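These are the residues of each chain, in order.
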Amino acid sequence: MIIKMRKVVKFGGSSLASAEQFEKVGNIIHADKERKFVVPSAPGKRDADDTKVTDMLYGCYDLAEAGKDFKAQLQAIKVRYQEIIDGLALKISLEEEFKTIEKDFKAKAGRDYAASRGEYLNGIIMAAYLGFEFIDAAEVIRFKENGEFDSEVTNELMRERLTSLEAAVIPGFYGARADGTVKTFSRGGSDITGSIVARAVKADVYENWTDVSGILIADPRIIYKPEGIETVTYKELRELSYMGFNVLHEDAIFPVRREGIPINIRNTNAPEDEGTWIVESTCQKPKYVITGIAGKKGFCAVNIEKDSMNSEVGFGRKVLQVFEDNGISFEHVPSGIDTMTVFVHQDEFMHKEQKVVSGIHRLADPDTIEIEADLALIAVVGRGMKSTRGTAGRIFSALAHSNINVKMIDQGSSELNIIIGVANADFETAIKAIYDIFVLYQL
Ligand code: ASP
């Protein structure tokens, strides 16, 4: 029996920004006959000063909704697509499609519908260019009435539609409710579409093609030319994404995770690079003890003190109740014998701080409450930490050598991550110190 391999390939906006980029994509697809299901984004930026077609569509639709003239803006979008069609010498016309879009904009069909046309039109071009069948995502990706993504109905619809097909193009980013109204995922959502398609066809790999050769160990704006990550687990990536890594949409993990399908992040402009593998689990030893370092600025610590807090049953619950009542989610809650600290996002907390302080006094009767602002949280993530002694020790001695005061430490029970709180002003230096000790000097 011959087992047919199937790969789902998703291409981001910068990979499809011009006819030249389309050609690179065509070469990548033709280089491997297993690349049969293609998910395109809308054309992205051609250079740093350019505008993404999705943003052009939002701008154009806002004019339409305000009852203003939007002809020039729609024409500019048409030109972007026509340049791609001409550059590829395709014999298709989007004239009728643009007439429909103009009509629908006048009828105020909605912002989601407007934005979705970016992927829809690019999908039509891609299907014509490759000679693959075009499938409108509105027919196979379903949202519930309340706007939530309906994963199970979608999986059925998508599976039924794709099983009999040899190859297809399914535009990213959008789907529709049962009544046909178009709904998009949040920005960057084509990553999710690729994952949904991979799950439905039980793909062997979900290749996500972008403009970088995989995920980097740390932010290149902080570390000069950081090394790339070869393999990262779904769980590690979730920790890193939560703390600011944004190579892949946060929700793109979920559909493939159900089937244990690996994701391979690749670079359209350097297809020979292996990129990063995102997998459920692996026996491959990570190159370094840590897999990645991520972090965010802008946190506040609310320090609460009360003598004999340790023996008072229900103290913590009462404190957290006040945050819940004020609609504030907390990040971490390190505690001591007579102290408890609640880490929150500064921008979320700022306007409600006095209500929270008085609320805690009323409900939990503490001795004192102190607020410390402008803090940063850094997550050091790595499956390799579990079996390695002294990781925390090395982190803290590196920080001490860089004269950084550590405000908070939190190690998850999975031993997958260590979270460190430092002053905003120390954020970059701290990341550099940790990167150097584990990667540069490989200690
Ligand atoms: N085009 C959409 C955006 O710019 C979706 C995507 O590219 O994934 O966010």
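Rules of the game
Residues numbered from 1 in each chain as written. Predicted model: local features only at pLDDT ≥ 70, side-chain atom pairs only at ≥ 80, totals over all residues. Heavy atoms only, no water. Core = buried A, V, L, I, M, F, W, Y, C linked by side-chain atoms within 4.5 Å. Buried < 20%, exposed > 50% of the residue type's maximum accessible area, 1.4 Å probe, protein only. Contact = heavy atoms within 4.5 Å. 1 Å grid on protein atoms, 1.4 Å probe; cavity = no way out; pocket = protein on both sides within 12 Å on 5 of 7 lines; lining within 4 Å. Points joined across faces, edges and corners; volume = space filled by probe spheres on them. Pairing = 2+ DSSP bridges. Helix = DSSP H or I, 4+ residues; strand = E, 2+ residues; numbered from the N terminus. Near = heavy atom within 4 Å. Polar contact = N/O pair within 3.5 Å; in protein donor to acceptor, adjacent residues only side chain to side chain. Areas by Shrake-Rupley, 256 points an atom, 1.4 Å probe, with all protein chains shown as cover. Salt bridge = Lys/Arg side-chain N within 4 Å of Asp/Glu carboxyl O.

Draft legend 1. The nonpolar core, seen in detail. Phe105, Leu162 and Ile278 are the most contacted members of the largest nonpolar core, which has 116 residues in total. The residues touching Ile278, leaving out its near neighbours within four places in the chain, are Ile215, Val232, Thr233, Tyr234, Leu237, Leu248, Ile253, Pro262, Ile263 and Ile265. Membership of the second largest hydrophobic core comes to 18 residues, among which are Val302, Met309, Val319 and Phe323.

Draft legend 2. Examining the layout of surface pockets more closely. Taken as a whole, the largest pocket spans an internal volume of roughly 1,000 Å³. As for the largest pocket, its lining consists of 42 residues, of which Thr210, Asp211, Val212, Asn246 and Val247 are closest to the centre. Size it by volume and the second largest pocket reaches roughly 230 Å³. If you trace the second largest pocket, you find 15 residues lining it, with Phe149, Phe185, Ile192, Asp251 and Pro255 closest to the centre.

Draft legend 3. Focus on the pairing of strand β12 (residues 292-305). Pairing analysis gives 11 bridges linking β12 to strand β15 (residues 368-381), with the strands arranged antiparallel. Its bridge partner being in β15, Ile304 is matched across the sheet by Ile369.

Draft legend 4. A look at the site of the ligand. The environment of the ligand is made up of Ser41, Lys52, Thr54, Glu119, Phe173, Arg187, Gly188, Gly189 and Ser190. Taking Arg187, its side chain carries an N or O atom lying 2.8 Å from an oxygen atom of the ligand. Within the backbone of Ser190, one N or O atom sits 3.0 Å away from an oxygen atom of the ligand. Look at the ligand: alone it shows 270 Å² of surface, and the protein chains cover 94% of it.

Draft legend 5. Up close: the pattern of salt bridges. Scanning the entire structure with this criterion turns up 30 salt bridges. The salt bridge involving Lys7 is made with Asp32; its shortest N-O contact spans 2.6 Å. Residue Lys7 is found in strand β1 (residues 7-11), and its partner Asp32 is found in the loop between α1 (19-30) and β2 (35-40); the two are separated by 25 residues along the sequence. Residue Lys7 shares its accessibility class with Asp32, and that shared class is buried. Because the salt bridges share partners, they merge into one network encompassing Lys7, Asp32, Glu34, Arg35 and Glu207.

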